[in-house]
Amino acid sequence: MQGLVVGWLTEKIGERNLLPWSILVISLVGLATALMSNIFHFCLICIPMSLGISAFYLTTNSILTKIVPPADTGAMLGMNMSVHSLIRSVSPTIGGFLYQSYGYASFGYLQFAINLLVFFYVFRKIYN
């Protein structure tokens, strides 16, 4: 997915355009996750989910490495990965709370709402 599809998309539309649209795809996958009712729906959702997440992570890493000086690239990538590790450490607790309090659909609705807000913010910053 990453090398073939995301590389092709980056060549065609560029990183500047790919970033907000990957966030929108992730947001719509969240809505689809909240509305799915069986395993077949989940299997269908996995394709755009992997595309959106791959495009987002590859684009953000590429943009970050271009922004910092070459001497600081390793430190920046290390900081980026430490944030990912922190999120993976905290998210099971938050996920457990959401699941017990609001059910499985809350994951999708929260993903949809937060990423939609991020999409509008990034879209506005890039195109204004």
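Please refer to the structure placed before this passage.
Here the structure is a predicted model, which means the values were calculated and not measured. (Residues numbered from 1 in each chain as written. Predicted model: local features only at pLDDT ≥ 70, side-chain atom pairs only at ≥ 80, totals over all residues. Heavy atoms only, no water.)

Q: For helix α3 (residues 39–67), give the residues involved together with the corresponding values.
A: Every α-helix carries 3.6 residues per turn, so stepping three or four residues along brings you back to the same face. For α3, with 29 residues, the first-to-last C-alpha span of 41 Å sits near the 42 Å given by 1.5 Å per residue. When the local axis directions of α3 are compared, the greatest deviation, roughly 30°, occurs at Cys-46, which is followed within four positions by the proline Pro-48. Every buried residue belonging to α3 is among Ile-45, Gly-52, Ser-54, Ala-55, Thr-59, Thr-60 and Ser-62, and all of these are buried. (Helix = DSSP H or I, 4+ residues; strand = E, 2+ residues; numbered from the N terminus. Expected span 1.5 Å × (residues − 1). Bend = angle between axes of the 7 residues up to and from the residue. Buried < 20%, exposed > 50% of the residue type's maximum accessible area, 1.4 Å probe, protein only.)

Q: Which residues make up the packing of aromatic side chains, and what are the values?
A: For the coordinates displayed, the defined rule picks out nine aromatic pairs. Geometrically, the ring pair formed by Tyr-104 and Phe-107 is edge-to-face, given 5.5 Å between the ring centres and 90° between the ring planes. Residue classification places Tyr-104 among the partly exposed positions, given a relative accessible area of 39%. A relative accessible area of 28% places Phe-107 in the partly exposed class. Taken together, the ring pairs connect Trp-21, Phe-119, Phe-120, Phe-123 and Tyr-127 into an aromatic cluster. (Phe/Tyr/Trp six-rings, centres within 6.5 Å; stacked < 30°, edge-to-face > 60°.)

Q: Describe helix α5 (residues 105–127), with residues and values.
A: Compared with an ideal rise of 1.5 Å per residue, which puts 23 residues at 33 Å, α5 spans 32 Å between its outermost C-alpha atoms and is within 8% of the ideal. Among the residues of α5, those classed as buried are Ser-106, Gly-108, Asn-115, Phe-119, Val-122 and Ile-126. Close packing links the buried residues of α5 with α2 (15–35) and α4 (73–102). (Contact = heavy atoms within 4.5 Å.)

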